[in-house]
Structures are given as structure tokens and as C-alpha cells.
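So you can see what is in the structure, the chains are spelled out below.
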Amino acid sequence: MTSLRFLPKKSSNFCIGSKRVGRGLKKMNPNWEEALNHFKMVIDCGTEAMRIKAIIKLAQLSNLAPEYILGHTVPILANLIADHTSDNSSLSLQGVVVYCLKCIACQGDGRLANEIGQSGALLSILRLLPESDGSFQRVAVKCLWCLVNLSNDNRVIVAMNGGLEIIVNMLNSYMVSVRRYLLEILSALSLLRVVRRGLASLGGLRFLVEAASCGNMLSRERACQAIGLLGVTRRARRMLVDVGVIPVLVELLRVGDSATKLVAGNSLGVISAHIDYIGLVAQAGAIPLFAELVQRPEPLGHEVAEDAFCLLAVTEANAVSIAEHLVRILREGNDEAKAVVANVFWDLSGYKHSVSVVRNSGAIPLLVELLGSQSSEVRETVSGAIAQLSYNQVDREALIESGAVPLLLELLHDDSEELKDNAAEALINFYENSLQHERISEVVDHTSFQSMQNRLIRIRASDDQTVSSMRQMTIEQLAREA
């Protein structure tokens, strides 16, 4: 036997690797079962050179062969690298086997990648990887990259068999030629909780941040998601900030695709949950980028931006900057964005510095104007914000000057219950103003006005009782301690 080929006999006149192979095979509808039998015969009986040649041809034809044929070759290939000390598994043979497995893994919708993981080949690659170098190392890393990106089950196999430590050690060795693949493998693994728990102890958080800063966008998004999950704990948050996570997340919020922007914004919000980092997030340029999220169509982005603004506005300087961007959106944005902005002003109305910030920003006349919007959503959110602002005397005066009272009186007759409740709540507060008392007295018998007034009386009574109970508890506690 001098020439055993993976190619069917009818195709033996084609030159492997040329464009003629694909065209010829498609025209001739080859007998793949016969080809598979030839391949098995070569692996069982052929010399190493013949094996290598057959495996290379299999790799070249992997994008043409039926999936079930490729599935039959997986255990054969896995067996060839199962024992790396065997004479049947030289470095050259191992290299072409791993290369062929990579080519097969990329076919189909991930089922073949799963089969390779279950065959034991993935464990063999993990075993060979720490001692590898040169071209074999590059092929092995690329194969591992394919396997973990295409199959969650393979990520679990890698994570549970020391794969994380192997990847972190290789990244510590600063392997330039395969570094991007290693980082993207790490980002895929970081979707697993067990991996995230191990990253800090292995000193791998800096590599996760590096993975969020480079590579393909899906990989960066995965790393960003893991950062957000890790950042919930105070210790991990501090470690992430120390290795430079804030500018990386801000950059992703700037250049990422739609999905990545949302994940980056959410992770930045998690980092911003500590007062020490709020200034750093703002200084890195996050506020205008969150304002851009408000103007995008994704509802989740609106929630992310609103939550982030509430955190960042804790400091007055940030609140001023946020208000400037929000006012611009009130002037130029669409109805959906304006409704989000009104919600943010509603949220910010409780901050101690919100009085001067909201008044000086010029937001109040714009909010009052939006009470006449054609959008019911805008009217509802704006009326809610105005109701909250009306609890403060300075804001109340600015609202009166902007003509809020007559518009609120009109809203009492709207069909929307939420609009009527918001208008009534604001008017009750305006009723305390002697100049508005007579005008508003005309509606004190309105059902919504009466209902809201009774509700507020009950809420205030409940609050007073809570404060009294707290004071009594404190007195009794002090008496016991004395």
C-alpha cells in the first residue's frame, strides 16, 4: 500500500488545497463513507508520514465534509493525542491532530466542538499546553480558543481541570504571538462563577481588564460582564480599580456596539457604587457617554443611564454636569429621551444640592413646557418630576414663575389617573403659597385633590409615628446601657 488518501477515489485527480477541490467535490457528489474508511485504514495501518498527510487532508476538507462524517473522525483524532508519551503520538503528529480538531470544531453550530470536548481531546490539549512552545503552542491555543468560544460545556471542562491556572500562567509569561487568543479564552471562561472566584487569588484580574480592552467585541463584552459581576463585592471592586478598570469601561462605553455599551454602562454603575470612585468615573468622561445612552432607543440603556446618574450625582460637581446634559436633551431629544430625563430629574430632586442645581440648569421652564406635550408618557413623567420638585420652596417659586399652576389645573381633568395624581400632589404643595391659595381653592373639592390630600396626611402621620418610635427606642436603649 503506497498511497492511502482521505479523498474518495473518484476525486484522486484533484490537487488538495487548490480551488479545484471544492468545485470538483461539489460536482461529483463523492462517497464520504468510502473516504472515511480509507482514513481509518491509514490511521490504523499507515506510517506516521501517511497519517500526517491524511489528517492534513481531512482538515482541508472539513468545510466540505458532512457533519456526521466529521463526527466519526473525532474519537479517532482524540485517541491519537490521548497518550503523549506513546511512540504513536510524536510532536509533529500531535500538531496536525490539534490543527485538524480546530478546523472540525469550527464547522456546524457548535455540536462538533461539544463532541471534541466530550471525546477527551480537550483534556489532552490542556495537558500538552503548559509544556508546549513554538508552532504547536500556537495551534493548541487557537484550538482551545475555538472550543471554549463555541461551547459552554467546554468552558466547564477547562475550568474544572486547571485550565484557568494554565491560561493565567501563560499570560504571566507574556506570550505575544498568542496573547490575544489567551485573553479571549479568559473572557469566555470568566462567564463561569467558579472562574471569577479563582481570578483574584491567581492574580488574574488585571488580565480580565486587559481582555476588556482588546480583541473582538464579543470577547470584550464578556470580560466587561464578568467585571460587573465581580465588582459587586467591595474587595474585588477595589482591586479592579487599582488595575485600571475605569478608563477601560469608559472606552467600551464610547466605542462598543449596542450590546457592549449596555454592559459597559452597567459595569461602570457597579464600580460607581462606592463614593471613592465616583469622581474617577466622572473624570474619565463617563457622564456625556451616559447621556448618549439616554438618547439611544434601547430601554435597558435608559435604565442603566438613569441608575448611573443617580449614583454620580451624589457630588454637586457631577450633578451640575449631569443637569447640563439633561437640559440639552430636553431641548433637542425625542419624546422617549425627554421622558427619561424627566425621570432622572425626579430621582435627583431628593439630593440636598438639587435645589440650586436644578434651578440654575434652566431645566424647570423646559419641564413646565413639556406638561403640554402630545406624548402621554412625557406628560406623566414630567408631572411626576414637577410634583417632587414642588416640595422645595425655591423650586416651587421657579415652577410658579414658569407657569406650572394653570397647566397642572388642566391636568386634573386628564383621563390618566397617574397624571391627575401627580398634578394634585403638586397643587397641594402650591396651595400653601398665599398668592396661589385662591386660585387653587377652586379645585380643593376635586376627587383627585381630596384623594391625594388624604393619602399625604396618612403618609405624614405614619412618618411621624416612625420617628417617635425610633426616638423612644433610642431612649430605652440608652437607659439600659446606663
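Every chain begins its residue count from 1, and numbering advances along the sequence as written. Only residues with pLDDT of at least 70 are given local features in this predicted model, and only at 80 or more are side-chain atom pairs given and counted; all residues enter the totals for whole chains, interfaces and linings. Values shown for side chains rest on all heavy atoms present in the structure; no hydrogens or waters enter the calculation.

Draft legend 1. Geometry of the side chain of Ser190. Inspection of the secondary structure puts Ser190 in the loop between α11 (179-189) and α12 (193-201). Once residues lying within four places of it in the same chain are set aside, the contact partners of Ser190 are Val195, Arg196, Leu208, Arg222, Ala223 and Ala226. Numbering goes from the N terminus for both helices and strands, where a helix is a DSSP run of H or I of at least four residues and a strand is a run of E of at least two. Two residues qualify as a contact provided that any one of their heavy atoms is within 4.5 Å of a heavy atom in the partner residue.

Draft legend 2. Highlighting helix α18 (residues 275-283). Relative accessible area decides the class of each residue, using a 1.4 Å probe on protein chains only: under 20% of the type maximum gives buried, over 50% gives exposed, and in between gives partly exposed. Among all positions in α18, only Tyr277, Ile278, Val281 and Ala282 are buried. The buried residues of α18 occupy one face: seen down the axis, they fall within an arc of 140°. Looking at α18, the residues exposed on the side facing more than 90 degrees away from the buried face are Asp276 and Gln283. Considering only its buried residues, α18 is in contact with α15 (234-242), α16 (245-255), α17 (258-271), α19 (286-295), α20 (299-312) and α21 (316-332). Gly285 lies just past α18 and shows a positive phi near 95°. What the arc measures is the spread of directions leading from the helix axis to the C-beta atoms.

Draft legend 3. The nonpolar core, seen in detail. Core analysis: the largest hydrophobic core is formed by 162 residues, its most contacted members being Ile55, Leu77, Phe290, Phe309, Phe345 and Leu408. Looking at which element gives the most residues to this core, the answer is helix α5 (residues 91-105), with nine residues. Sequence-distant contacts of Phe290, that is, excluding residues within four places in its chain, are made with Leu253, Gly265, Leu268, Val304, Ala305, Ala308, Phe309 and Leu312. Here, nonpolar core means buried Ala, Val, Leu, Ile, Met, Phe, Trp, Tyr and Cys residues that are tied together by side-chain atoms lying within 4.5 Å of each other.

Draft legend 4. A look at a nonpolar patch on the surface. Where nonpolar side chains cluster on the molecular surface, the patch consists of Val156, Met160 and Val194 and spans about 250 Å² of accessible area. By the element assignment, Val194 lies in helix α12. Residue class for Val194 comes out partly exposed when judged on its relative accessible area of 35%. The residues that make up patches have over 30% relative accessible area and no salt bridge, and they are joined within 9 Å when like-charged or within 5 Å when they are Val, Leu, Ile, Met, Phe, Trp or Tyr. Per-residue and other accessible areas follow the Shrake-Rupley method at a 1.4 Å probe size, with only the shown protein chains counted as cover for residues. When a carboxyl oxygen of Asp or Glu lies within 4 Å of a side-chain nitrogen of Lys or Arg, that pair is called a salt bridge.

Draft legend 5. Here's a closer look at the pattern of salt bridges. In the structure shown here, the tally under the stated rule is nine salt bridges. In this structure, Arg111 and Asp109 form a salt bridge, with 3.0 Å as the shortest nitrogen-oxygen distance. With a relative accessible area of 48%, Arg111 lands in the partly exposed category. Residue class for Asp109 comes out exposed when judged on its relative accessible area of 56%. Arg296 is the partner of Glu298 in a salt bridge, and the nearest nitrogen-oxygen pair spans 3.3 Å. Glu298 gets classed as buried once you look at its relative accessible area, which sits at 17%. For Arg296, a relative accessible area of 25% gives the class partly exposed. By sharing partners, the salt bridges in this structure join Glu67, Asp109 and Arg111 into a single network.

Draft legend 6. Highlighting the packing of helix α8 (residues 134-150) against α11. Helix axes use the C-alpha atoms of the stretch in contact, all axes being lines fitted to C-alpha atoms, and the angles between their N-to-C directions lie in the range 0 to 180 degrees. Contact geometry for α8 and α11: axes closest at 9 Å, N-to-C directions at 25°. In this view, α8 runs roughly parallel relative to α11, as classed from their interaxial angle. Here the hand of the crossing between α8 and α11 comes out left-handed. Here Val141, Lys142, Leu144, Trp145, Val148 and Asn149 of α8 lie close against α11, whose contacting residues are Tyr181, Leu182, Glu184, Ile185, Ala188 and Leu189. Under the convention adopted here, Pro, Cys and the residues Ala, Val, Leu, Ile, Met, Phe, Trp and Tyr are nonpolar, Asp, Glu, Lys and Arg are charged, and Gly plus all remaining residues are polar. Classifying every residue of the contact of α8 with α11 gives nine nonpolar, one polar and two charged. Oblique is the label for any angle not covered by the other classes, which are roughly parallel (under 35 degrees), roughly antiparallel (over 145) and roughly perpendicular (65 to 115). It is the rotation of the near helix from the far one that decides the hand of a crossing: anticlockwise by less than a right angle makes it left-handed, clockwise makes it right-handed.

Draft legend 7. Quick peek at the packing of α11 against helix α13 (residues 205-213). In contact at an axis separation of 9 Å, α11 and α13 are set at 105° when each is read in the N-to-C sense. As far as their axial angle goes, α13 and α11 are roughly perpendicular. Side by side, α11 and α13 meet where Arg179, Leu183, Leu186 and Ser187 of the first sit next to Phe207, Leu208, Glu210 and Ala211 of the second. Considering only residue class, the contact of α11 with α13 consists of five nonpolar, one polar and two charged.

That is the geometry; function is a separate question.
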